[in-house]
Amino acid sequence: MTTVLPNLVPALPEMIMAVGAMALLMLGVFRGNKSTGQVSWLAAVLMLVVMVIVAGAENDKIATFGDMFVVDGFTIFMKVLVLLASALAVLMSLPYLRAENIERFEYPILIALATLGMMVMVSANDLMTMYMGIEMQSLALYVMAAFRRDTAQSTEAGLKYFVLGALSSGMLLYGASLVYGFTGTTNFTVLANVLHGHEGHGPSLGVIFGLVFVAAGLAFKISAVPFHMWTPDVYEGAPTPVTAFFAVAPKVAALALLTRTLFVPFGDMAGSWQQIVIFMAIASMFWGSIAAVIQTNIKRLMAFSSIGHVGFALVGIAAGSPAGIKAMLIYMAIYLVMNVGAFVCILSMRREQGLVDDIDELAGLSRTQPAMAAALAIFMLSLAGIPPLAGFFGKFYVFSAAIDAGYYTLAILGVLASVIGAYYYLRIVKIMYFDEPVGAFEPLKAPVMSMIMMASAIFIVLFVFLPAPLRNTAESAAQALLH
Amino acid sequence: MIESLCFYLFAAITVLSGFMVIASRNPVHSVLFLILAFFNSAGLFVLLGAEFLAMILVIVYVGAVAVLFLFVVMMLDIDFVELRQGFLQYLPMGALIGLILVVELMMVFGGWVLAPEMTAVVASATPDIAETENTRALGQLIYTDYVFLFQCAGMVLLTAMIGAIVLTHRQRPGVKRQNISKQVRRRRDEAYELVDIKPGQGV
């Protein structure tokens, strides 16, 4: 009996990532914690190299490993975002780890392993692959949340994230087993065919139940209301660079997975899931905006901000059209840049006694550190969606997709929510520009931080002149998903 | 003929030893009866043509789990008579749970029989026993069809291992560790000293 080796080429980036992470682990184990800087830089380089390999692949859809793993334009777009966010997160963390004296070489390796999990999530074309990717990513994230194991806050964040993450994984598995039980397959392509045949009398109740549970499990991972309870506590308790990582890459990966799950296997059941997504979108947009108003801690505020932004991205999915997916992709790309920039600023809020995360500490920043204040103001205004900054275009594409699909109420509610949300973003700008200064922060020692800050600010300001490349890539990615 | 004879022999011994596990007074005897039950279940698996499962049952359950039970029973001083005090009191509850399990099993089996169209969509049907041994079939599934998931599971375990070490490992000061290169580098003159003791003077 001969067996044919599966086509390994589509999974080449994942394999390089896995082997690279293990090689870095060996390097770290032999050289000890003093090699953290070296391992971090190598991990970032590894991610960027893998990103180039991913981006260089063909846009055509290739499935391998018995149709469990798929690569197409959509996965390429999402993987590039995930890898970019992870590489930036590694670079942003290094100065923090040095300053707080928690330099451990496992940190970049955990990020690399989490990234590997996210890549598997993005490429998942089977309920089992989906679960494997989610677990690989989540396990690394739980440990990272508790990375400062000597502080009660960080340990609490890790434990809370672990317990609620395990609960959500359980719900996801329950849903997956229902889907498998009622259709007899876990493969997305076969599922789509099986459910397509049900058009006449509608899918069975069991499949709908399974779909609801799978969607709820994934909604936990993107922290959409009403599955968001863990987000503020985990974001506040986790070390700040870990929060910066949490806010971007895992959300991009989980949204990619949610989109594929809803559109590919359950595409014919759009009527069943659209109402769930619409509810989650509206609830997330409003709760993210309203609850953030009373926050005094900037990490908590960013947690609610991320909940709100997930709501806006879900509007694109709720539209259920290629234009909606395209808008969601553009939104996530812009969200990545805005959030990375904002978190670089938050990571620079350092005084003699350590990192501070109270919003009032920013008072009068425009007079003490005008450059950082200007950058943070740009990020905040962009997060609020004020034209002509990039954040406005993200919201614009999402809402116009909703209107084209006929969801006028959804679009109007979204605009209302973003008006409420603008209040707390503008409050930060007001505190920085019009309040009495409370003293300067320590100057940035790492040039990489100011470089990231500057690059993201420039992207956000200049996006208005050159939106076409991102728009076209997102368009072809959305087309690739629905093929 | 001989097959059904074997089946009734194995089944009867399994049920009897299962009963003896909960009935015998001596906990060591309970564990020994458990091992007997495992062996006979393995025999039943062989009759079904599931030889891989039979071997795994003997190796894993008898070889590891049951021996572990035996260790626990013999090492720990547990008063089993006291543990069994409320046995009759919980009997109705236990019987009820058993009944529910039986009903559920029957429902699963009934659904199978009553809705044959479900089998039409099964992605990977059970291979015919006559065509392939199940060791090969399992290997085919795990290491060929699902090799990607197998490797992913390996990475998940690696992540979990790194996580456990990150969260619990700490360098304790003042603990003596073996340093082989230091031991090898030791020279004679730093290890001992010759003292010339004059007679009648002491050290």
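Anything mentioned here points back to the structure above.
The model shown is predicted, which means the values in this text are computed figures rather than measured ones. (Residues numbered from 1 in each chain as written. Chains lettered and ligands numbered in written order. Predicted model: local features only at pLDDT ≥ 70, side-chain atom pairs only at ≥ 80, totals over all residues. Heavy atoms only, no water.)

Some details on the overall build of chain B
Next up, step 1: Broken down by element type, chain B carries nine helices and zero strands.
Next up, step 2: Counting over 203 residues, chain B shows a buried share of 17%.
Next up, step 3: Excluding contacts between residues fewer than 6 apart, the proportion of contacts in chain B whose partners are at least 24 apart in sequence is 57%.
Next up, step 4: Accessible surface for chain B amounts to roughly 16300 Å². Of this, 69% is attributable to carbon and sulfur atoms. (Helix = DSSP H or I, 4+ residues; strand = E, 2+ residues; numbered from the N terminus. Buried < 20%, exposed > 50% of the residue type's maximum accessible area, 1.4 Å probe, protein only. Contact = heavy atoms within 4.5 Å. Areas by Shrake-Rupley, 256 points an atom, 1.4 Å probe, with all protein chains shown as cover.)

A few points about the overall build of chain A
Next up, step 1: Scanning chain A from N- to C-terminus turns up 19 helices and four strands.
Next up, step 2: Its C-alpha atoms give chain A a radius of gyration of 22 Å, within 12% of the compact-globule value 23 Å for 483 residues.
Next up, step 3: With the principal axes as the frame, chain A shows a C-alpha extent of 70 × 55 × 40 Å.
Next up, step 4: Across the 483 residues in chain A, those meeting the buried criterion constitute 62%. (Rg over C-alpha atoms; globule rule 2.2 N^0.38 Å.)

Comments concerning the interface of chain B and chain A
Next up, step 1: At the junction of the two partners, chain B supplies 27 residues and chain A supplies 32 residues.
Next up, step 2: Carbon and sulfur atoms make up 79% of the surface buried where chain B meets chain A, a total of about 2500 Å² over both sides.
Next up, step 3: For chain B, the biggest contributors to the area lost against chain A are Phe-148, Met-155 and Val-166 of chain B; these three give 25% of the whole.
Next up, step 4: On inspection of chain B and its partner chain A, the count reaches zero salt bridges.
Next up, step 5: Put simply, chain B and chain A have four residue pairs in polar contact (both at pLDDT 80 or more) between them.
Next up, step 6: Elements represented by at least two residues in the side of chain B that touches chain A include exactly helix H6 (134-145) and helix H7 (147-168) of chain B.
Next up, step 7: Here the element with the most residues in the side of chain B that touches chain A is H7 of chain B; it accounts for 16 residues.
Next up, step 8: Looking at the side of chain B that touches chain A residue by residue, the class counts come to 18 nonpolar, six polar and three charged. (Buried area = accessible area lost by both parts, 1.4 Å probe. Salt bridge = Lys/Arg side-chain N within 4 Å of Asp/Glu carboxyl O. Polar contact = N/O pair within 3.5 Å; in protein donor to acceptor, adjacent residues only side chain to side chain. Nonpolar A, V, L, I, M, F, W, Y, C, P; charged D, E, K, R; others polar.)

Observations concerning the nonpolar core
One recurring pattern in soluble globular proteins: nonpolar side chains tend to sit buried together.
Next up, step 1: In this structure, Met-78, Phe-245, Leu-314, Ile-317, Leu-329 and Leu-362 of chain A are the most contacted members of the largest nonpolar core, which totals 203 residues.
Next up, step 2: Top element by residues in this core is helix H13 (residues 322-347) of chain A. It accounts for 20 residues.
Next up, step 3: With sequence-adjacent residues up to four places away left out, Leu-362 of chain A is seen in contact with Ile-298, Met-349, Leu-376, Ile-428, Ile-431, Met-432 and Phe-441 of chain A.
Next up, step 4: Counting five residues, the second-largest nonpolar core is a separate cluster that includes Leu-34, Phe-38, Val-62 and Ala-66 of chain B. (Core = buried A, V, L, I, M, F, W, Y, C linked by side-chain atoms within 4.5 Å.)

Overview of unusual backbone geometry
Residues and elements named next belong to chain A.
Next up, step 1: Residue Pro-226 is bonded to the preceding Val-225 through a cis peptide linkage, with omega at 5°.
Next up, step 2: Residue position: Pro-226 is located in the loop between helix H8 (205-222) and helix H9 (230-237).
Next up, step 3: Residue Pro-387 is joined to Pro-388 through a cis peptide bond whose omega torsion reads 5°.
Next up, step 4: Tracing the sequence through the fold places Pro-388 in the loop between helix H15 (370-384) and helix H16 (390-404).
Next up, step 5: In this model, Phe-65 sits at a positive phi of 55°, which is unusual for a non-glycine residue.
Next up, step 6: Looking at where Phe-65 falls in the secondary structure, it is placed in the loop between strand S1 (62-64) and strand S2 (69-71).
Next up, step 7: On the basis of relative accessible area, Phe-65 is assigned to the buried category, the value being 8%.
Next up, step 8: The phi angle at Asn-101 is positive, at roughly 60°, despite the residue not being glycine.
Next up, step 9: Mapped onto the fold, Asn-101 is located in the loop between helix H3 (73-99) and helix H4 (106-123).

Topic: empty space enclosed by the protein
Residues and elements named next belong to chain A.
Next up, step 1: Under the defined criterion, the tally for this structure stands at five cavities of 30 Å³ or more.
Next up, step 2: Taken as a whole, the largest cavity encloses approximately 70 Å³ of empty space.
Next up, step 3: In this structure, the largest cavity is lined by 14 residues; those nearest its centre are Ser-289, Phe-312, Gly-421, Tyr-424 and Tyr-425.
Next up, step 4: Examining the composition of the lining of the largest cavity, we find that five residues originate from one element, helix H17 (residues 408-434), more than from any other.
Next up, step 5: Classifying every residue of the lining of the largest cavity by side-chain character gives six nonpolar, seven polar and one charged.
Next up, step 6: Put simply, the second largest cavity is a space of about 50 Å³.
Next up, step 7: In terms of lining, the second largest cavity is formed by Ala-85, Leu-88, Ala-89, Met-92, Ala-244, Phe-245, Val-248, Ala-249 and Val-340. (1 Å grid on protein atoms, 1.4 Å probe; cavity = no way out; pocket = protein on both sides within 12 Å on 5 of 7 lines; lining within 4 Å. Points joined across faces, edges and corners; volume = space filled by probe spheres on them.)

Brief notes about the packing of aromatic side chains
Here the distance between the centres and the angle between the planes together describe a pair of aromatic rings.
Residue and element names in this part refer to chain A.
Next up, step 1: Under the counting rule described, the total for this entry stands at 22 aromatic pairs over all chains.
Next up, step 2: Taken together, a centroid distance of 6.2 Å and an interplanar angle of 35° make the contact between Phe-312 and Tyr-331 tilted. Taken as a pair, Phe-312 in helix H12 (residues 298-319) and Tyr-331 in helix H13 lie far apart in primary sequence, 19 residues in all. Residue Phe-312 shares its accessibility class with Tyr-331, and that shared class is buried.
Next up, step 3: Site record: aromatic cluster; members linked through ring pairs are Phe-392, Phe-393, Phe-396, Tyr-397, Phe-459 and Phe-463. (Phe/Tyr/Trp six-rings, centres within 6.5 Å; stacked < 30°, edge-to-face > 60°.)

Structural notes on the pattern of salt bridges
Residue and element names in this part refer to chain A.
Next up, step 1: Inspection of every chain in the model, using the stated rule, returns 12 salt bridges over all chains.
Next up, step 2: Of the charged contacts, one joins Arg-148 and Glu-100 as a salt bridge, the two residues approaching to 3.0 Å between their closest N and O atoms. Linking Arg-148 in the loop between helix H5 (127-145) and helix H6 (152-183) with Glu-100 in the loop between H3 and H4, this pair joins segments that are 48 residues apart in sequence.
Next up, step 3: Among the ionic pairs, Arg-300 bridges to Asp-233, the shortest N-O distance being 3.1 Å. Here Arg-300, found in helix H12, pairs with Asp-233, found in helix H9; they are 67 residues apart in sequence, far enough to count as distant.
Next up, step 4: Overall, the relative accessible area of 27% leaves Asp-233 in the partly exposed class.

Let's talk about the packing of helix H2 (residues 36-55) of chain A against H4 of chain A
Residue and element names in this part refer to chain A.
Next up, step 1: At their nearest, the axes of H2 and H4 sit 9 Å apart, and the two run at 20° to each other. Judged by the inter-axis angle, H2 sits roughly parallel to H4. Taken as a pair, H2 and H4 cross one another with a handedness that is left-handed. Here Val-39, Ser-40, Ala-43, Met-47 and Val-50 of H2 lie close against H4, whose contacting residues are Pro-108, Ile-109, Ile-111, Ala-112, Thr-115 and Met-119.
Next up, step 2: Considering only residue class, the contact of H2 with H4 consists of nine nonpolar, two polar and no charged. (Axes fitted to C-alpha atoms, helices over the stretch in contact; angles between N-to-C directions. Parallel < 35°, antiparallel > 145°, perpendicular 65-115°, else oblique. Left-handed = near helix turned anticlockwise from the far one by under 90°.)

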